[in-house]
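# Fold and geometry: a report
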Amino acid sequence: MNPRALSLTEWIVLALVTEGPTHGFAVARLTAATGAVGAIWQVPRPRVYRALDRLADLSLIEPCGRERGQGGPQRTVFTATAAGTSAVDGWLIRPVEHIRDIRTEFLIKFALLQRSGADPRPLLDAQARRIEPIILSLRRQRDRAHGFDHVVAAWRCETAEAALRLMHTARH
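Bear in mind that the values here come from a model prediction, so they are computed numbers and not experimental data.

For the coordinates displayed, the defined rule picks out 8 salt bridges. Its salt-bridge partner being Arg54, residue Glu10 comes within 2.7 Å of it at the nearest N-O pair. Of this pair, Glu10 sits in helix H1 (residues 8-18) while Arg54 sits in helix H3 (residues 45-57), placing them 44 residues apart in sequence. On the basis of relative accessible area, Arg54 is assigned to the partly exposed category, the value being 31%. A salt bridge links Glu19 to Arg115, with the nearest nitrogen and oxygen atoms 2.7 Å apart. With Glu19 in the loop between H1 and strand E1 (22-23) and Arg115 in helix H5 (residues 102-116), the pair connects residues that are 96 residues apart, well separated along the chain. The class of Glu19 is partly exposed, set by a relative accessible area of 36%. When its relative accessible area of 36% is taken as the criterion, Arg115 is described as partly exposed.

Turning our attention to the layout of surface pockets. Its boundaries defined by the atoms lining it, the second largest pocket holds a volume of some 200 Å³. Along the walls of the second largest pocket sit Glu97, His98, Ile99, Arg100, Ile134, Leu138, Trp155, Arg156 and Thr159, which together make up its complete lining. Mapped by element, the contributors of at least two residues to the lining of the second largest pocket are helix H6 (121-144) and helix H7 (147-170). Counting residues per element, the lining of the second largest pocket draws most heavily on H7, which supplies 3 residues. Residues that form the lining of the second largest pocket fall into these classes: 4 nonpolar, 2 polar and 3 charged.

This brings us to the packing of aromatic side chains. Between two aromatic rings, the relevant description is the distance of the centres plus the angle of the planes. If you walk through the whole model with that rule in mind, you get 2 aromatic pairs. Taking the centre distance of 5.1 Å and the plane angle of 0° together, the rings of Trp11 and Trp91 count as stacked. A residue pair is termed long-range when its members are at least 10 positions apart, and Trp11 in helix H1 and Trp91 in helix H4 (residues 82-93) qualify at 80 residues. As far as the burial class goes, Trp11 and Trp91 line up, both buried.

With that settled, consider the side chain of Thr22. In this fold, Thr22 is placed in strand E1. If sequence neighbours within four positions are ignored, Thr22 has contacts with Leu16, Val17, Val27, Thr76, Val77 and Phe78.

Helical geometry: 3.6 residues make up each α-helical turn, so side chains three or four residues apart lie on a common side. For H5, with 15 residues, the first-to-last C-alpha span of 20 Å sits near the 21 Å given by 1.5 Å per residue. All of the buried residues in H5 are Ile102, Thr104, Glu105, Phe106, Ile108, Lys109, Phe110, Ala111, Leu112 and Leu113. Elements in contact with the buried residues of H5: H1, H4, H6 and H7. Positive backbone phi, at 80°, marks Gly117, one or two positions downstream of H5.

Scored by pLDDT, the chain has a mean of 93; 96% of the residues are at 70 or more. Considering each helix and strand of the chain separately, the mean pLDDT is smallest for strand E2 (residues 61-67), with a value of 91, and largest for H1, with 97.

The rules we used
Residues numbered from 1 in each chain as written. Predicted model: local features only at pLDDT ≥ 70, side-chain atom pairs only at ≥ 80, totals over all residues. Heavy atoms only, no water. Salt bridge = Lys/Arg side-chain N within 4 Å of Asp/Glu carboxyl O. Helix = DSSP H or I, 4+ residues; strand = E, 2+ residues; numbered from the N terminus. Buried < 20%, exposed > 50% of the residue type's maximum accessible area, 1.4 Å probe, protein only. 1 Å grid on protein atoms, 1.4 Å probe; cavity = no way out; pocket = protein on both sides within 12 Å on 5 of 7 lines; lining within 4 Å. Points joined across faces, edges and corners; volume = space filled by probe spheres on them. Nonpolar A, V, L, I, M, F, W, Y, C, P; charged D, E, K, R; others polar. Phe/Tyr/Trp six-rings, centres within 6.5 Å; stacked < 30°, edge-to-face > 60°. Contact = heavy atoms within 4.5 Å. Expected span 1.5 Å × (residues − 1). pLDDT = per-residue confidence, 0-100.

Printed below as a string of structure tokens:
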């Protein structure tokens, strides 16, 4: 499976299922606005169920039982397959490509690593290595730019430098 074939929502749902057998309603609760993951990225319940269906179709998760719902139908409980667990393990330490994705994908990965008790340093180190050459390039652009182009380049440079500082701060 090409890891880039999954959407961010599907990655999040898959990562939550790899934490242990669970059902869609529990995942939706975690990704709601008031949930532990929803503070970073919210996933509405219908999208959680669509993601579960797709992940099952890709054999990254599989049903492992049913659970009685509170006042509703029985819930299908899913568990991650070996392929799903392996995919998540790789995804969680793969740095994001763009500075703009630090606020979403990187923070989600960091939060999921924290939830699992895994060491986030491999992600932090990989992300810092990805950001450093971007900063060098942005500094050169900023130093050559004039007028409004300088303002835009300065903004992008400051944002990238802040992201790198976050990598160092999060290590402690």
